[in-house]
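Residue-level structural notes
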2 protein chains.
Amino acid sequence: MKSIRIFCPATIANLSCGFDVLGLCLDTVGDEMIIHKSAEPGVRITKIEGANLPTNPEANVAGVAALALLHEWQTDFGFDIEIYKRIKAGSGIGSSAASAAGAVFGINELLARPFEKNELVKFAMKGEQLASGNAHADNVAPALLGGFTLVRGYNPLDVIRIESPDELHAVVIHPQIELKTADSRAVLQPTVPLKKAIAQWGNVGGLVAGLYTSDYDLIGRCLHDEVAEPYRKALIPAFEEIKNVALQQGALGSGISGSGPSIFALCKGLSTAKAVASGISVVYDRIGLTYETHISTVNPNGIKILNQD
Amino acid sequence: MKSIRIFCPATIANLSCGFDVLGLCLDTVGDEMIIHKSAEPGVRITKIEGANLPTNPEANVAGVAALALLHEWQTDFGFDIEIYKRIKAGSGIGSSAASAAGAVFGINELLARPFEKNELVKFAMKGEQLASGNAHADNVAPALLGGFTLVRGYNPLDVIRIESPDELHAVVIHPQIELKTADSRAVLQPTVPLKKAIAQWGNVGGLVAGLYTSDYDLIGRCLHDEVAEPYRKALIPAFEEIKNVALQQGALGSGISGSGPSIFALCKGLSTAKAVASGISVVYDRIGLTYETHISTVNPNGIKILNQD
């Protein structure tokens, strides 16, 4: 194989109760990336469309992730990477993760898979470290593995892929405001009252049970966040109203996607997802805020190969 | 049906990461209870063997739980309850829960099941309130429903029964010391550092995933408690040594059962469970502490009917 073209999906991290541990992979929104083998060793970012990002591989999340992989699997040839960004930076649906995960997935394919998908997570995390200063796996894990993922811990890295029911749809609304991850983290409290912490892990356990048993009502009952949402919601325009409208339109639950500003809702079935998407769009239309919406099933496979030769 | 004889199982609450939410039902240790319909309305405790407990129904956990049920389902006849205690009070394996759950289960059967098992939990919780001042469901839920249970929340009460793999065995060692639940609660901290809370809910999510997928290694990796064990372990003789020996003998994980003083270990297979039980017994033999051990599979059904007529 000399080159590969891949779809690098957007992802929703946290999912309310699953703060810093859960994520899911989307299917209808993502970047594209083309990676070519090159006789020249090393990594080059040869093209970036759709975003103003550095082409120096050591300053680019895709480049850094690729270099981390090649540090553990040395080759006498190299890779040229073209990035076609569709996921807006700072949207809260894993823009940097899509690039980081895509680069390591694509290079692993071109190398005939020396690493398992699970093993690629740690390389992609290096890209996240560059993007946010925090080598987290909340978005790169679902981008690589698909479905829902649970990052149980980092020492050692322990990522569990979780099944999810077929009719589950995600709706995402992305208000076009800039919200820095650092600001979203700064509002968090360093400690959690024990009672709220217990409620949170009860919900995480219930959500995982609901995913394995296709119990949509249970999934909905568990989509609460006692920890981040109460502090972060003030940073997101009309968050409470969007969430309430989503629930009124039949969403199972709704919360902040990643560290925001995107808001997600999970729904059973496409028609409910469409009703939720149009209901919440009306809110931002009324207040005159520019936004994008996405409707997607859960992508069970993660990054997809579009072409290879 | 005029009378019923039932087995009222012991239970392990908390299960390390699942502090205040998870529990499991044991199969080889439990009380027996015989309940007779009586022409005389009301509830009487006619016999108690194996423990020195009040026979006034309003001062007895079985009586209080029975009265709570009969408050919602009035009858013109009554019930005489005989209790044969095998689970020692204050052991940390749900002695009061077995009595409370048994009473409501048995009476519900004699009434031809006006309530679902799930609905009995709230009546049994009244017995727990009498016993500890805290109407919790951590032990009565697994005693009634069997298997693993997750108490997701109390407002409203939301109890989820979780499947578990066939080869899972529990070992319990009960050092014969007195440890008051109130003291065990008093050592807890009112807040949890955010990082520890995240680790805890990552482990709860992973444990539930491990139970649904029969992934014993994952179950073991998740049996950690960042919240209660670090403070409570000092109250339990040789806790660290018992836990270490259990792990050395092949246990998947080990921790405090309920609020102690019993220590539990989960194991894959009976032979490992036996090795763990004898390994940890040696520790208490050496320091000259009296103890009991129990080995049990997970009881999938909860309370069992032994006879009825």
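Residues numbered from 1 in each chain as written. Chains lettered and ligands numbered in written order. Predicted model: local features only at pLDDT ≥ 70, side-chain atom pairs only at ≥ 80, totals over all residues. Heavy atoms only, no water.

1. A word on the relation of the copies chain A and chain B
Threshold: To superpose the copies, least squares is applied to the C-alpha atoms of every residue with a pLDDT of at least 70 in both. Throughout, a contact is declared for two residues whenever any of their heavy atoms are within 4.5 Å.
Superposing chain A onto chain B takes a rotation of 180° plus a shift of 0.0 Å along the axis, which leaves an RMSD of 0.0 Å. Between the two chains, the operation in question is that of a two-fold axis. Counting the interface residues of chain A, we find that 100% of their copies in chain B are interface residues as well, pointing to one common contact surface.

2. Topic: the UniProt feature "domain: GHMP kinase C-terminal" (unreviewed entry) in chain A
Heads up, the rule is: UniProt positions are given in the numbering used here, feature names are shortened, and annotations may be inferred rather than shown by experiment. Only runs of H or I of at least four residues qualify as helices and only runs of E of at least two qualify as strands under DSSP, and these elements are numbered from the N terminus.
As recorded in UniProt, the feature "domain: GHMP kinase C-terminal" (unreviewed entry) lies at residues 208-280 of chain A. The straight-line gap between the two end C-alpha atoms of residues 208-280 of chain A is 27 Å; of that span, 52% is helix and 14% is strand.

3. Some points on the pattern of salt bridges
Residues and elements named next belong to chain A. Applicable threshold: We define a salt bridge as a contact between a side-chain nitrogen of Lys or Arg and a carboxyl oxygen of Asp or Glu at a distance within 4 Å.
Scanning the entire structure with this criterion turns up 32 salt bridges over all chains. Residue Glu32 pairs with Arg5 through a salt bridge whose shortest N-O separation is 2.6 Å. In this pair, Glu32 sits in strand E2 (residues 22-38) while Arg5 sits in strand E1 (residues 3-13), placing the two residues 27 residues apart along the sequence. Through salt bridges that share partners, Glu40, Arg44 and Asp80 make up one connected network.

4. Topic: the sheet that holds strand E9 (residues 253-256) of chain A
All names here are of chain A. Note the threshold: Being paired, for any two strands, means DSSP has found at least two bridges between them. Axis lines are fitted to C-alpha atoms, over the contacting stretch for helices. Their N-to-C directions set the angle, which ranges from 0 to 180 degrees.
One open sheet accounts for 4 strands, arranged E9-E10-E7-E11; its pairing is antiparallel. The strands lining the two open edges of the sheet, one partner per strand, are E9 and strand E11 (291-297). Averaged over neighbouring strand pairs, the angle between their axes works out to 20° when direction is ignored.

5. Quick word on the side chain of His294 of chain B
Among the secondary structure elements, His294 of chain B is positioned in strand E11 (residues 291-297). Those residues in contact with His294 of chain B, other than ones at most four positions away along the chain, are Val29, Ile93, Ala170, Val171 and Val172 of chain B.

6. Focus: the domain arrangement of chain A
All names here are of chain A. Stated formally: Note that the domain bounds reflect an automated or database-derived domain assignment. Summed over both partners, the accessible area lost on bringing two parts together, with a 1.4 Å probe, is the buried area. Each polar contact in these results corresponds to two N or O atoms within 3.5 Å; when the atoms are within protein, one needs to be able to donate a hydrogen and the other to accept it, and residues that are neighboring in sequence are counted only if both atoms are side-chain atoms. Gly counts as polar in this scheme, as do all residues outside two lists: the nonpolar Ala, Val, Leu, Ile, Met, Phe, Trp, Tyr, Cys and Pro, and the charged Asp, Glu, Lys and Arg.
For chain A, the assigned domains are domain 1 (3-162 + 299-308) and domain 2 (168-297). Of note, the centres of domain 1 and domain 2, computed from C-alpha atoms alone, are 24 Å apart. At the junction of the two partners, domain 1 supplies 27 residues and domain 2 supplies 38 residues. Buried area between domain 1 and domain 2, summed over both chains or domains, comes out near 2400 Å², and the portion from carbon and sulfur atoms is 62%. Among the residues domain 1 hides against domain 2, the three largest losses belong to Ser16, Cys17 and Phe19. Together they make up 26% of the total. The partner of Lys88 in a salt bridge is Glu292, and the shortest N-O contact between them spans 2.7 Å. For the pair domain 1 and domain 2, the interface holds 13 residue pairs in polar contact (both at pLDDT 80 or more). Contributing elements (two or more residues each) for the side of domain 1 that touches domain 2: E1, E2 and strand E6 (157-162). A per-element tally of the side of domain 1 that touches domain 2 places E2 first, with 7 residues. By residue class, the composition of the side of domain 1 that touches domain 2 is 13 nonpolar, 10 polar and 4 charged.

7. A closer look at the interface of chain A and chain B
The extent of an interface is frequently quoted as the accessible surface area lost upon association of the parts. Listed as interface residues are 34 residues of chain A and, on the opposing side, 34 residues of chain B. Roughly 2600 Å² of surface becomes buried between chain A and chain B when both sides are summed, with 72% attributable to carbon and sulfur atoms. With a shortest N-O distance of 2.5 Å, Asp158 of chain A and Arg221 of chain B are connected by a salt bridge. At the surface where chain A touches chain B, the tally comes to 11 residue pairs in polar contact (both at pLDDT 80 or more). For the side of chain A that touches chain B, the secondary-structure elements that each account for two or more residues are strand E5 (148-154), E6, strand E8 (191-193), helix H6 (194-213) and helix H7 (216-222) of chain A. Top contributing element to the side of chain A that touches chain B by residue count: H6 of chain A, with 14 residues. Looking at side-chain class alone, the side of chain A that touches chain B contains 20 nonpolar, 10 polar and 4 charged residues. Summarising the sheet, E8 of chain A and strand E8 (residues 191-193) of chain B pair through 3 bridges and their orientation is antiparallel. Paired with Thr191 of chain A across the strands is Pro193 of chain B, a residue of E8 of chain B.

8. A closer look at the packing of aromatic side chains
Residues and elements named next belong to chain A. Cut-off, in case you're wondering: Two rings from Phe, Tyr or Trp (for Trp, the six-membered ring) form a pair when their centres are within 6.5 Å of each other. A pair whose planes differ by under 30 degrees is stacked, one over 60 is edge-to-face, and the rest are tilted. The buried label goes to any residue with under 20% of its type's maximum accessible area, the exposed label to any with over 50%, and the partly exposed label to all in between, with areas taken from a 1.4 Å probe on protein chains only. Geometrically, a lysine NZ or arginine CZ counts as sitting over a ring once it is within 6 Å of the ring centre and also within 35 degrees of the ring normal.
In total, this model carries 9 aromatic pairs over all chains according to the counting rule given. Ring plane angle 70° and centroid distance 4.9 Å describe the contact between Phe115 and Phe123, whose orientation is recorded as edge-to-face. On the basis of relative accessible area, Phe123 is assigned to the buried category, the value being 2%. On the basis of an interplanar angle of 45° and a centroid distance of 6.1 Å, the ring pair of Tyr284 and Tyr291 is categorised as tilted. Note on Tyr284: relative accessible area 0%, which makes it buried. Across the ring face of Phe77, the terminal group of Lys37 is positioned such that the distance to the ring centre comes to 5.2 Å.

9. Here we look at the UniProt feature "domain: GHMP kinase N-terminal" (unreviewed entry) in chain A
Mapped onto the present numbering, the UniProt feature "domain: GHMP kinase N-terminal" (unreviewed entry) falls at residues 64-147 of chain A. Between the first and last C-alpha atoms of residues 64-147 of chain A the distance is 25 Å; the span itself is 56% helix and 8% strand.

10. Description of the sheet that holds strand E7 (residues 168-175) of chain B
Neighbouring strands of a sheet are bound in pairs by backbone hydrogen bonds; such pairs are parallel or else antiparallel. Residue and element names in this part refer to chain B. Taken in spatial order, the 4 strands of this open sheet run E9-E10-E7-E11, and their pairing is antiparallel. Each having just a single partner strand, strand E9 (253-256) and E11 make up the two edges of the open sheet. Geometrically, the sheet is characterised by an average inter-axis angle of 20° between neighbouring strands, direction not taken into account. Where E9 and strand E10 (residues 263-268) come together, 4 bridges link them in antiparallel fashion. Bridge pairing in E10 places Gly253 opposite Leu266. Sheet contacts for helix H10 (residues 270-287): E7, E10 and E11; angle to E7, the most-contacted strand, approximately 15°.

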